[in-house]
Amino acid sequence: MLSKVVRTIARPFDERFNLTNRLHESLLDKPVPDHARRYYFCFGGIAFFLFLTQAITGVLLTMYYVPSQDQAYSSVFYISNYVNYGWLLRSIHNWGAQLMVVFVMLHMLRVYITASYKHPREFNWVVGMLLLMTTMAFTLTGYLLPWDQKAYWGSTVTISLVEKVPFFGKSMANIIMGGDKLGQATLTRFFSAHIMVLPAGLVLFMAAHFWMVRKQGISGPL
Ligand code: HEM
């Protein structure tokens, strides 16, 4: 039923732009080699799927969340208790974040164990590292947003670790916090990073990552 509806909507575009054939040539008609049909070759794809889930639930959450010192906590409380299925939205975003970290790590472990980081895929390993750091930055910035005691003190501890970096630590922490202690400026910065800077970075790095996988093909069997 659904596929019939999609085909009916797509037909006029397909007739004019030959989309189905192009989609088949560039994406669908690429056989997966036997050795790559194992579950552990799916970890990268699962991480990507989780990112899509995070993007959708994140956009829905921003419709109610208020990034202000006075209202952040109450807006999150409102989402959980009064918005229809708000509790479910928050839970999916929360579990999705944790699962994404787990699957990025598992994917990295798979790439390491199958030695897929070696020539000619060294650059893709480096881009992978950028993806890992961006994913971790997502969890750090997202953790502060509920602005409750756990978020405040958890982020205080994380930022105090940055302060320990020799020479530049103090100024780096001041830039992150937007001052010398956690406050409105920190919340605004973390929110802006969480919903704009980091998603833009992740999409860019993913595009480069997938382009390289496409160009170089999946690595061979051990
Ligand atoms: C958001 C994070 C990431 C996503 C969504 C992602 C996604 C993917 C996907 C879909 C593939 C194709 C095959 C597969 O799934 O194994 C792949 C391949 C690859 N990834 Fe990632 N990845 C991420 C992070 C990383 C990290 C952290 C590293 C390592 C530091 C890494 C290194 C690589 C390499 C070297 C390949 C080529 C593997 C091969 O040819 O066998 N990726 N990635």
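In case you missed it, the structure is sitting above this.
An account of the accompanying structure is given in this report. Bear in mind the structure is a predicted one, so any value in this text is a computation, not a measurement.

The rules behind each value
Residues numbered from 1 in each chain as written. Predicted model: local features only at pLDDT ≥ 70, side-chain atom pairs only at ≥ 80, totals over all residues. Heavy atoms only, no water. Helix = DSSP H or I, 4+ residues; strand = E, 2+ residues; numbered from the N terminus. Buried < 20%, exposed > 50% of the residue type's maximum accessible area, 1.4 Å probe, protein only. Contact = heavy atoms within 4.5 Å. Polar contact = N/O pair within 3.5 Å; in protein donor to acceptor, adjacent residues only side chain to side chain. Patch = residues over 30% accessible without salt bridge, like charges linked within 9 Å, V, L, I, M, F, W, Y side chains within 5 Å. Areas by Shrake-Rupley, 256 points an atom, 1.4 Å probe, with all protein chains shown as cover. Salt bridge = Lys/Arg side-chain N within 4 Å of Asp/Glu carboxyl O. Donors = N, O, S within 2.8 Å, 3.2 Å for Na, K, Ca; no water. Tetrahedral: all angles 85-135°; square planar, octahedral: opposite > 155°, others 65-115°.

1. Some words on the environment of Gln 184
So, step 1. With respect to the element layout, Gln 184 can be found in helix 9 (residues 184-216).
So, step 2. Judged by its relative accessible area of 30%, Gln 184 is partly exposed.
So, step 3. Placed 158 residues apart in sequence, Gln 184 and Ser 26 show a C-alpha to C-alpha distance of 47 Å.
So, step 4. Non-local contacts of Gln 184, meaning those with residues more than four positions away in its chain, are made with Pro 67, Ser 68 and Gln 69.
So, step 5. Among the polar contacts listed, one links the side chain of Gln 184 to the backbone oxygen of Pro 67, at a separation of 3.2 Å.
So, step 6. Separated by 2.7 Å, the side chain of Gln 184 and the backbone nitrogen of Gln 69 make a polar contact.

2. Focus on a nonpolar patch on the surface
So, step 1. Taken together, the side chains of Ile 56, Val 59, Leu 60, Met 63, Tyr 64, Tyr 73, Phe 77, Tyr 78 and Tyr 82 define a hydrophobic patch exposed on the protein surface, amounting to about 980 Å² of accessible area.
So, step 2. Summarising the element assignment, Tyr 64 is placed in the loop between helix 3 (43-62) and helix 4 (72-81).

3. Details of the coordination of the iron atom of the ligand
So, step 1. For the iron atom of the ligand, every protein donor is listed as His 107 (NE2) and His 209 (NE2), and the spread of their distances is 2.0 to 2.1 Å.
So, step 2. Classification of the site at the iron atom of the ligand rests on its 6 donor atoms, whose angles at the metal span 85 to 179°, yielding the label octahedral. Separated by 102 residues along the polypeptide, His 107 in helix 5 (residues 86-113) and His 209 in helix 9 bring together distant segments of the chain.

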